[in-house]
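Chain residues, written in single-letter form:
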Amino acid sequence: MRGTAASRDWRPVLEGRDLSFIHPRADEPAVCRVSLSVSPGRLLAVVGPNGAGKTTLLKLLSGSLTPQDGGVTLDDRALSDLGDRERALAIAVVPQSESSPFPVTVREMVGMGRYAHLGPWERSGDRDRAVVDDAMARCAVAEFAERHLGELSGGERQRARIARALAQEAPVLLLDEPTAGLDLRYRMELFHLLRELRAAGLGVLVITHDLNLAARFADRLLLLDRGRARARGTPDGMLSRESLEAVYDWPLRVVPHPGPGSDTGAPQTVPLRRDDP
């Protein structure tokens with residue numbers, strides 16, 4: 001049975017409470033007692049150095065990993081109680097990377113985002129094709145629609161993965177380093193798109209190493225370090241020289257964005273050379 005119009009208006013809250021997870025043979029937990037929520041109409045950026053636990057946290061929120069302590073809920077319903085199709089209708093995930101065991105075109109890959117909306121043996125219809133076309137256009141991959149993924153650059157493949165997530169029409173969107181491999185223009189276009197989706201009522205979580213774009217576009221930030229939440233809040237309130245130097249172990253300055261634009265004054269991080277005063 002297809003998702004109904006009512007389901008497309010559904011705006012759930014995805015919440016993780018006191019999440020902890022340790023990988024096999026690891027000495028320390030990848031995530032330790034982290035709580036957060038992905039709320040409708042909000043853009044949350046999770047930042048932190050390599051090995052901070054950001055990807056593990058996203059996998060716990062998406063249900064691909066099960067927390068060893070704490071729990072994940074979707075509108076107060078345990079995520080573990082949802083079937084695969086229910087999860088796919090609620091949560092779209094853009095991973096850092098993935099491989100396909102068989103050749104697939106961009107259109108076919110983006111079309112996979114419609115699977116949760118189709119019943120058994122049901123073929124895609126006009127609306128499904130329109131959603132796929134719109135998602136490809138918004139992610140600037142329409143010109144590659146009939147090309148195989150293996151023929152594209154890493155950045156182009158990443159944009160195709162984002163288009164697939166958009167075609168899924170889920171109310172919660174989780175993205176793991178979506179700007180990896182993207183040049184300046186497409187990084188900016190992606191964050192503008194995330195703001196549009198947020199304004200449309202979606203709950204968006206993005207993992208990113210780009211502190212400056214996170215500060216300019218996100219409503220709230222969560223700073224992770226070695227699996228623990230070290231700071232959280234609005235960019236203005238959270239991004240300080242003291243908090244960032246303690247986590248990244250590198251000298252830096254935090255300066256206001258010069259503008260122009262609505263993000264004028266947003267805190268911007270400038271790493272210093274070791275020999276700078």
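Residues numbered from 1 in each chain as written. Predicted model: local features only at pLDDT ≥ 70, side-chain atom pairs only at ≥ 80, totals over all residues. Heavy atoms only, no water.

**Student:** Hey, could you go over the overall build of the chain for me, with residue numbers and the actual values?
**Tutor:** Scanning the chain for helices and strands turns up ten helices and twelve strands. A compact globule built from 277 residues should have a C-alpha radius of gyration of about 19 Å, and the chain, at 19 Å, falls within 12% of that. For the chain, the spread of C-alpha atoms along the principal axes amounts to about 65 × 40 × 35 Å. Buried residues in the chain amount to 48% of all 277 residues. Taking as baseline every contact in the chain between residues at least 6 positions apart, the subset at least 24 positions apart corresponds to 67%. Positive and negative side-chain charges in the chain, numbering 37 and 38 respectively, have mean positions lying 1 Å apart. (Helix = DSSP H or I, 4+ residues; strand = E, 2+ residues; numbered from the N terminus. Rg over C-alpha atoms; globule rule 2.2 N^0.38 Å. Buried < 20%, exposed > 50% of the residue type's maximum accessible area, 1.4 Å probe, protein only. Contact = heavy atoms within 4.5 Å. Lys, Arg positive; Asp, Glu negative; His and termini not counted. Charge placed at Lys NZ, Arg CZ, Asp CG, Glu CD.)

**Student:** Provide a residue-level description of the nonpolar core, including the pertinent values.
**Tutor:** By size, the foremost hydrophobic cluster in this structure holds 52 residues, and its most contacted members are Val106, Val110, Leu173, Leu194, Leu197 and Val204. Setting aside residues no more than four positions away along its own chain, Val204 makes contact with Val38, Arg42, Leu43, Leu44, Leu173, Leu175, Leu194, Leu197 and Arg198. (Core = buried A, V, L, I, M, F, W, Y, C linked by side-chain atoms within 4.5 Å.)

**Student:** Would you mind going over the pattern of salt bridges in detail, with residue names and values included?
**Tutor:** On inspection of all chains with the given rule, the structure shows 20 salt bridges. Between Arg17 and Asp76 there is a salt bridge, with its nearest N and O atoms 3.6 Å apart. Placement of Arg17 in strand β1 (residues 14-21) and of Asp76 in the loop between β4 (69-74) and β5 (77-78) is noted, with a sequence separation of 59 residues between them. The exposure class of Arg17 is partly exposed, given its relative accessible area of 37%. Three or more residues are tied together by salt bridges with common partners; here these are Arg114, Arg127, Asp128 and Glu169. (Salt bridge = Lys/Arg side-chain N within 4 Å of Asp/Glu carboxyl O.)

**Student:** Quick one: what's the story with helix α5 (residues 126-138), residue by residue and with numbers?
**Tutor:** For α5, built from 13 residues, the straight-helix expectation of 18 Å at 1.5 Å per residue is met to within 8% by its first-to-last C-alpha distance of 18 Å. Buried within α5 are the following residues: Asp128, Val131, Val132, Ala135 and Met136. End-on, the buried residues of α5 take up no more than an arc of 130°, which puts them together on one face. Along α5, the residues that are exposed and aim more than 90 degrees away from the buried face are Asp126 and Ala137. Tucked into the core, α5 has its buried residues touching α4 (106-111) and α6 (154-167). Just beyond α5, the residue with positive phi is Ala140, at close to 55°. (Expected span 1.5 Å × (residues − 1). Arc of directions from axis to C-beta.)

**Student:** Which residues make up the packing of aromatic side chains, and what are the values?
**Tutor:** By the definition in use, this model includes one aromatic pair. For the ring pair Phe191 and Phe217, a centre distance of 5.5 Å and an interplane angle of 40° mean the geometry is tilted. With a gap of 26 residues between them, Phe191 in helix α7 (residues 184-199) and Phe217 in helix α8 (residues 211-217) connect regions that are remote in the sequence. Here Phe191 and Phe217 have matching classes, each one buried. Taking NZ or CZ as reference, Arg159 lies 3.8 Å from the ring centre of Tyr186, over its face. The positively charged end of Arg274 is found above the aromatic ring belonging to Trp250, 4.0 Å away from the centroid. (Phe/Tyr/Trp six-rings, centres within 6.5 Å; stacked < 30°, edge-to-face > 60°. Lys NZ or Arg CZ within 6 Å of the ring centre and 35° of its normal.)

**Student:** Would you mind going over the layout of surface pockets in detail, with residue names and values included?
**Tutor:** Approximately 470 Å³ is the volume attributed to the largest pocket. Lining the largest pocket we find 18 residues, and of these Ala88, Ile91, Val93, Arg164 and Gln168 sit closest to its centre. Elements represented by at least two residues in the lining of the largest pocket include exactly α3 (84-90), β6 (91-94) and α6. Looking at the lining of the largest pocket, its residues break down into nine nonpolar, five polar and four charged. (1 Å grid on protein atoms, 1.4 Å probe; cavity = no way out; pocket = protein on both sides within 12 Å on 5 of 7 lines; lining within 4 Å. Points joined across faces, edges and corners; volume = space filled by probe spheres on them. Nonpolar A, V, L, I, M, F, W, Y, C, P; charged D, E, K, R; others polar.)

**Student:** Give me unusual backbone geometry: which residues, what numbers.
**Tutor:** Trans peptide bonds make up the majority, and among non-glycine residues the majority have a negative phi. In this model, Gly259 is joined to Pro260 through a cis peptide bond whose omega is 5°. As for its position among the elements, Pro260 is in the loop between β11 (252-256) and β12 (267-271). Backbone geometry at Asp75 places phi at a positive 50°, although glycine is not the residue there. Structurally, the position occupied by Asp75 is in the loop between β4 and β5. Look at Asp75 and you get partly exposed, because its relative accessible area is 38%.

**Student:** Tell me about the sheet that holds β5, and please be specific about residues and values.
**Tutor:** Pairing is antiparallel across the open sheet formed by four strands, whose spatial order is β2-β1-β4-β5. Both outer strands of the open sheet, β2 (31-38) and β5, are each paired with one neighbouring strand and no more. In the packing of helix α2 (residues 54-62) onto the sheet, contacts are made with β1, β2 and β4, and the angle to β1 comes to roughly 125°. (Pairing = 2+ DSSP bridges. Axes fitted to C-alpha atoms, helices over the stretch in contact; angles between N-to-C directions.)

**Student:** Please set out the pairing of strand β7 (residues 172-176) residue by residue, giving values where relevant.
**Tutor:** Extensive coverage of β7 is indicated by the burial of five of its five residues. One crossover worth recording links β7 to the parallel strand β8 (residues 203-207) by way of α7, and it is right-handed. (Right-handed = clockwise from strand over helix to strand, strands pointing away.)

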